[in-house]
Amino acid sequence: MMRAIVNNIYVFWLILSVPAIFQMGKLINSGFDASVAFSLEHGTGEMSVRLMLLAMAISPLKAIFGTKSWVMWLLARRRYIGVAAAGYGLLHLYVYCIDLELFNGVWRYVLEDAAQFSIWTGYLALIIFVAMAVTSNNAAQRLMKRNWKRLQQGVYVAALLIAVHWVYVDGEWIGAIIHFAPLLLLQIIRISIEWKKSRFNTGSSAASD
């Protein structure tokens, strides 16, 4: 029974949605108050980053731990995690626009902010996120062929842009390092493992010759 619940995709989506439900509930109860929207900006952005990093960590985890059941469980849900990351990114943009009163017709602040390096890096990362989310399905993969893989690899560009966005907006780098350092470590270990395998395969081929 418990296994069926854990493996149920709708339950998984509900878990991914819980933070958004609480955040939107708080915003709705405030009457979409700009100060409340401002208080939600960091949380929505942070949730988007955490899900993105989790999705990116699955491949190095598979390289390190192989096909263990928990790794394969995550791998089967990687697309959903990535789509949720894009969703929280859009929610982050939404509360940001409420904070700047865009929906009250105040465009000036949004346009002024968009010209700043700290802000347009976030916009560009979100565009990549959304493009990846929209094409995260089998039909798009068949239609785009090799280009699908290239687009999905854009997550590394998005990650770099988000790291820059985080540091410049928050004015500090400790939070960004705490979040990004584990992924960087996993990638280093993954590259080391793949390099050793490559050397072993090269050595084996030379020996057989």
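Quick caveat: nothing in here was measured; it's all calculated off a predicted structure.

Trainee: Explanation requested: the overall build of the protein chain in the structure shown.
Mentor: When helices and strands are counted, the protein chain shows eleven helices and zero strands. Listing the helices and strands of the protein chain from first to last along the sequence gives α-α-α-α-α-α-α-α-α-α-α. Taking the principal axes of the C-alpha coordinates as reference, the protein chain spans close to 75 × 45 × 40 Å. Counting every position in the protein chain, which comprises 209 residues, the buried fraction comes to 35%. Carbon and sulfur atoms make up 67% of the accessible area of the protein chain, which totals about 12900 Å². The positive charge centre, built from 18 side chains, and the negative charge centre, built from 11, are 23 Å apart in the protein chain.

Trainee: Help me out: how do you make sense of the nonpolar core in this one?
Mentor: It is characteristic of soluble globular proteins that their nonpolar side chains tend to be buried jointly. If you look at the biggest cluster of nonpolar residues, it comprises 37 residues, and the most contacted ones within it are V49, L51, M52, F129, I162 and F180. Breaking this core down by element, the ones donating at least two residues are α2 (9–29), α3 (34–65), α5 (78–99), α7 (117–134), α10 (155–170) and α11 (174–208). With ten residues, the single largest contributor to this core is α3.

Trainee: Got a minute to help me understand the packing of α5 against α7 in this structure?
Mentor: How two helices pack is summed up by the angle between their axes together with the distance between the axes. Between α5 and α7, the shortest axis-to-axis distance is 9 Å and the interhelical angle comes to 140°. The pairing of α5 with α7 is recorded here as oblique in orientation. You can see that α5 and α7 cross each other, and the crossing is left-handed. Contact residues: α5 offers V83, A85, A86, G89, L90, L93 and Y96, while α7 offers I119, Y123, L126, F129, V130 and A133. Each residue belonging to the contact of α5 with α7 can be placed in one class, and the counts come to twelve nonpolar, one polar and no charged.

Trainee: Help me out: how do you make sense of the packing of aromatic side chains in this one?
Mentor: For any two aromatic rings, the description comes down to two numbers: the centre-to-centre distance and the angle of the planes. For the structure shown, the criterion picks out five aromatic pairs. For the pair F12 and W73, a centre-to-centre distance of 5.5 Å together with 90° between the ring planes defines the contact as edge-to-face. With F12 in helix α2 and W73 in helix α4 (residues 69–76), this pair connects stretches of sequence that are 61 residues apart. With a centroid separation of 5.8 Å and an interplanar angle of 65°, the aromatic rings of W13 and Y80 are classed as edge-to-face. Taken together, the residues span a long stretch of sequence, with W13 in helix α2 and Y80 in helix α5 at a distance of 67 residues. Taking relative accessible area as the criterion, W13 reaches 29% and is therefore assigned partly exposed. By way of ring pairs, the aromatic residues F117, W120 and Y168 are connected into one cluster. Residue placement shows R77 over the ring face of F12; its charged tip is 5.9 Å from the ring centre.

Trainee: When you look at the packing of α3 against α10 in this model, what are you seeing that I'm missing?
Mentor: Running from N to C, α3 and α10 point in directions that differ by 150°, and their axes come no closer than 11 Å. On the basis of the axis angle, α3 is roughly antiparallel to α10. The element α3 and its partner α10 pack so that their crossing is left-handed. Contacts between α3 and α10 involve H42, E46, V49, M52 and M56 on the former and, on the latter, V155, Y156, A159, I162, W166 and D170.

Definitions and cut-offs
Residues numbered from 1 in each chain as written. Predicted model: local features only at pLDDT ≥ 70, side-chain atom pairs only at ≥ 80, totals over all residues. Heavy atoms only, no water. Helix = DSSP H or I, 4+ residues; strand = E, 2+ residues; numbered from the N terminus. Buried < 20%, exposed > 50% of the residue type's maximum accessible area, 1.4 Å probe, protein only. Areas by Shrake-Rupley, 256 points an atom, 1.4 Å probe, with all protein chains shown as cover. Lys, Arg positive; Asp, Glu negative; His and termini not counted. Charge placed at Lys NZ, Arg CZ, Asp CG, Glu CD. Core = buried A, V, L, I, M, F, W, Y, C linked by side-chain atoms within 4.5 Å. Axes fitted to C-alpha atoms, helices over the stretch in contact; angles between N-to-C directions. Parallel < 35°, antiparallel > 145°, perpendicular 65-115°, else oblique. Left-handed = near helix turned anticlockwise from the far one by under 90°. Contact = heavy atoms within 4.5 Å. Nonpolar A, V, L, I, M, F, W, Y, C, P; charged D, E, K, R; others polar. Phe/Tyr/Trp six-rings, centres within 6.5 Å; stacked < 30°, edge-to-face > 60°. Lys NZ or Arg CZ within 6 Å of the ring centre and 35° of its normal.

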